[in-house]
Amino acid sequence: MLILLPPSEGKTPAVRGDAMDWASLSFPVLNTYRAKVLDALGTVSAHEDALALLGVGASLKDDVERNTRLHAEPAAPAHQVYSGVLYDALGYKSLTPAQRRRADGSVLVISALWGAIRFADSVPAYRLSMSTALPDVGRLASFWKPQLTDALGEIAGGRLLVDCRSSTYAAAWTPPPADTVTVNVFTEVNGARKVVSHFAKHTRGELARHLLKRRGKAPATPEQLRKAAAEKWQAELVPGTARKAHALNIILPN
């Protein structure tokens, strides 16, 4: 099983420590492309119109400035750098050592800057969205798609992929539909379903935590995933097609 997560919008910078070691990152075949994005991000972030070019507000000025010195910034494991609703619900710190090892081997974060990394990979905090277009790189989702298809194809083959990404990050890599289950979250009022946003992030984090903590073998099929989710929520599985992934719909109580 692989759990695909988006990065958090907000990130927690490391206070001290060494700069990122490129050789230690997972999927080193991506390093050339990571370096290209990093250089382009540094150039844009130093521009006088950097906030507008990156589509962020004035409150994120310090984050954007940090983008100009990422080569030297202290790095920390991704599970510490990424924060926010989904990651708080996953609660890596409160997992047991065995559960953390499972998380380190099972979770992939699809990133606008790094392409794909694992929880144990040490990276600096940065500010960049997958929806951004950078000079000499273009729209990041389009830039990363062929690179991730090549780099992740082998690791994804034959494994169940639990896709907790937002649509912005899902655009950067389309895993094999037959083995992929996208996670949707709804509330239901008087028989009518409504997509939720904030609680969707929280519930996806809770689902990831549940899958990492539960005993026994990890789900290996979409139906086994539905049964695992049904241990905590009302859950239903919508079968996929040759071109469309399966969908796990979690329905929260009103």
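Data block above holds the structure.
Rules used throughout
Residues numbered from 1 in each chain as written. Predicted model: local features only at pLDDT ≥ 70, side-chain atom pairs only at ≥ 80, totals over all residues. Heavy atoms only, no water. Helix = DSSP H or I, 4+ residues; strand = E, 2+ residues; numbered from the N terminus. Rg over C-alpha atoms; globule rule 2.2 N^0.38 Å. Buried < 20%, exposed > 50% of the residue type's maximum accessible area, 1.4 Å probe, protein only. Contact = heavy atoms within 4.5 Å. Areas by Shrake-Rupley, 256 points an atom, 1.4 Å probe, with all protein chains shown as cover. Lys, Arg positive; Asp, Glu negative; His and termini not counted. Charge placed at Lys NZ, Arg CZ, Asp CG, Glu CD. Salt bridge = Lys/Arg side-chain N within 4 Å of Asp/Glu carboxyl O. Arc of directions from axis to C-beta. Axes fitted to C-alpha atoms, helices over the stretch in contact; angles between N-to-C directions. Left-handed = near helix turned anticlockwise from the far one by under 90°. Nonpolar A, V, L, I, M, F, W, Y, C, P; charged D, E, K, R; others polar. Parallel < 35°, antiparallel > 145°, perpendicular 65-115°, else oblique. Polar contact = N/O pair within 3.5 Å; in protein donor to acceptor, adjacent residues only side chain to side chain. Pairing = 2+ DSSP bridges.

Draft legend 1. The arrangement of the overall build of the protein chain in detail. On a plain count of helices and strands, the protein chain comes out with 10 helices and 12 strands. Relative to the globule expectation of 18 Å for 254 residues, the C-alpha radius of gyration of the protein chain, 18 Å, shows essentially globular dimensions. In terms of its C-alpha atoms, the protein chain occupies a principal-axis envelope of roughly 50 × 40 × 35 Å. Out of the 254 residues belonging to the protein chain, those deemed buried represent 50%. In the protein chain, once contacts between residues fewer than 6 apart in sequence are set aside, the share between residues at least 24 apart is 68%. Accessible surface for the protein chain amounts to roughly 12200 Å². Of this, 51% is attributable to carbon and sulfur atoms. Once the 31 positive and 23 negative side-chain charges of the protein chain are each reduced to a mean point, those two points are 8 Å apart.

Draft legend 2. Looking closely at the pattern of salt bridges. Within the structure shown, the criterion is met by 10 salt bridges. Note that R66 is salt-bridged to D63, the shortest N-O span being 3.4 Å. Taken as a pair, R66 and D63 lie in helix α3 (residues 61-66) at a separation of three residues, close to a single helical turn. D63 sits in the buried class, given a relative accessible area of 18%. Salt bridges here are not isolated pairs; linked through shared partners, they connect D63, E65, R66, R69, E73 and R127.

Draft legend 3. Summary view of unusual backbone geometry. In this model, F27 sits at a positive phi of 55°, which is unusual for a non-glycine residue. Relative to the assigned elements, F27 resides in the loop between β1 (2-5) and α1 (31-45). For D136, which is not glycine, the phi torsion reads 70° and is therefore positive. Among the structural elements, D136 can be located in the loop between β6 (133-134) and β7 (138-139).

Draft legend 4. View of helix α10 (residues 222-229). If you check which residues of α10 are buried, you get P222, L225, A228 and A229. All buried residues of α10 project into a common sector of 115° when viewed along the axis, lining one side.

Draft legend 5. The arrangement of the packing of helix α6 (residues 97-106) against helix α9 (residues 198-213) in detail. Across the interface, α6 lies against α9 with an axial gap of 9 Å and an inter-helix angle of 120°. When you trace α6 past α9, the crossing you get is right-handed. Judged by residue contacts, Q99, R102, A103 and S106 of α6 engage L211, L212 and K213 from α9. Residue composition of the contact of α6 with α9, by class: three nonpolar, two polar and two charged.

Draft legend 6. Main features of the packing of α1 against helix α7 (residues 140-156). α7 packs onto α1 with a crossing angle of 170° between their chain directions and a minimal axis gap of 11 Å. As far as their axial angle goes, α7 and α1 are roughly antiparallel. Side by side, α1 and α7 meet where Y33, R34, K36 and V37 of the first sit next to L140, F143, W144 and Q147 of the second. Taken together, the residues that form the contact of α1 with α7 break down as five nonpolar, one polar and two charged.

Draft legend 7. The arrangement of the side chain of R165 in detail. Relative to the elements of secondary structure, R165 occurs in the loop between β8 (161-163) and α8 (167-170). A polar contact of 2.8 Å, which involves the side chain of R165, links it to the side chain of D163. A distance of 3.0 Å separates a polar side-chain atom of R165 from the backbone oxygen of W173. Among all residues touching R165, those that are not within four sequence positions of it are L4, L5, P6, I110, A170, W173 and P175.

Draft legend 8. Structural detail: the pairing of strand β10 (residues 192-195). Here strand β9 (residues 180-189) pairs with β10 via four bridges, running antiparallel. What sits directly across from F186, in β10, is V195. Between the end of β9 and the start of β10, which pair antiparallel, lie two residues, with N190 showing a positive phi angle near 55°.

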